[in-house]
Amino acid sequence: MSEAVQGPWVVGEVDADPVDRRTGRERVGEVLRERILAGELAPGERIDLDKYAAEFGTSRTPVREACLALAQDGLVKVVQRSGVTVIGVSPESTIENFQLMAALSGVAAQWAAGKISERDLLRVKELQREIRVASQSGEDITTLNWLFHAAINRACGSPRLIGMLSDAGRMIPRRFFALFPERVPCSLDDHEDLVRALSARDGVAARRIAEGHFDIAAKLLADHLGRR
């Protein structure tokens, strides 16, 4: 899978902007964040500024700025003379991050069940069908998955909750299905159950399904990081 810029757990506007408006620092930061959260950059590993500058076709400055931003989230340590070292995330922190995401997503799904319009519900159903078709064709479903969750989260009608989801999503790996392709069928079944709950305006069921969706992901990723 490619390292898509729009991850499965990030929320915001549903319509994807075809023009990449990110700065060099943002592009580098998103990729480094993903690699750290997925365990591809291990704790204690040094980040070579020149190496990543060459990879992204930038100077060292955007790479260093990206590392400074990651340091604010506790993912790396930046020392004047020693350079940048990965701190990473522990399996325990990963579970905690997913638990926060599960709780927030559960509330968003519950509220969305009572507020979602017919037009937005139709859009969610269309996205789910597109995800199913793309999965069967072996295509990358990362962006479609993001759009699916974003549509539901936005339907909750609470800007404050959407903001909290965005903050929590910063600590969740975006390319989850690339790490666990065997999880895709079960995840798609969760999506269909969630769509049915939204269609029935069943907020209790929608919350339970959304929470369970993330709980399973937490355990899989925690085990993965523990093995690494």
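Residues numbered from 1 in each chain as written. Predicted model: local features only at pLDDT ≥ 70, side-chain atom pairs only at ≥ 80, totals over all residues. Heavy atoms only, no water.

Q: Can you walk me through the nonpolar core in this structure?
A: In globular proteins that are soluble, nonpolar side chains generally tend to be buried together. Core analysis: the biggest nonpolar cluster contains 28 residues, and Val124, Phe148, Ile152, Leu194, Leu198 and Ala206 have the highest contact counts within it. Contributing elements (two or more residues each) for this core: helix 4 (91-115), helix 5 (118-136), helix 6 (142-154), helix 9 (184-199) and helix 10 (203-227). Examining the composition of this core, we find that seven residues originate from one element, helix 6, more than from any other. In contact with Ile152, other than residues within four places in its own chain, are Ala108, Ala109, Ala112, Val124, Leu194 and Leu198. Membership of the second largest hydrophobic core comes to 21 residues, among which are Ile36, Val63, Leu70 and Met171. (Core = buried A, V, L, I, M, F, W, Y, C linked by side-chain atoms within 4.5 Å. Buried < 20%, exposed > 50% of the residue type's maximum accessible area, 1.4 Å probe, protein only. Helix = DSSP H or I, 4+ residues; strand = E, 2+ residues; numbered from the N terminus. Contact = heavy atoms within 4.5 Å.)

Q: Before we go on, may I ask you to explain unusual backbone geometry in this structure?
A: Glycine aside, negative phi is the norm for most residues, and most peptide bonds take the trans geometry. The backbone of Arg201 shows a phi angle near 60°, a positive value even though the residue is not glycine. Here Arg201 falls in the partly exposed class, since its relative accessible area comes to 34%.

Q: Mind showing me how you'd approach the pattern of salt bridges here?
A: Side chains bearing opposite charge may pair, as long as their charged atoms lie close to each other. Counted under the stated rule, the structure contains nine salt bridges. For Arg201, the salt bridge goes to Glu118, with nearest N and O atoms at 2.9 Å. A residue pair is termed long-range when its members are at least 10 positions apart, and Arg201 in the loop between helix 9 and helix 10 and Glu118 in helix 5 qualify at 83 residues. Measuring nitrogen to oxygen at the nearest pair gives 3.2 Å for the salt bridge that ties Glu211 to Arg207. Of the two residues, Glu211 and Arg207 both sit in helix 10, four residues apart, roughly one turn of that helix. Taken together, the shared-partner salt bridges connect Arg33, Asp73 and Arg170 into one network. (Salt bridge = Lys/Arg side-chain N within 4 Å of Asp/Glu carboxyl O.)

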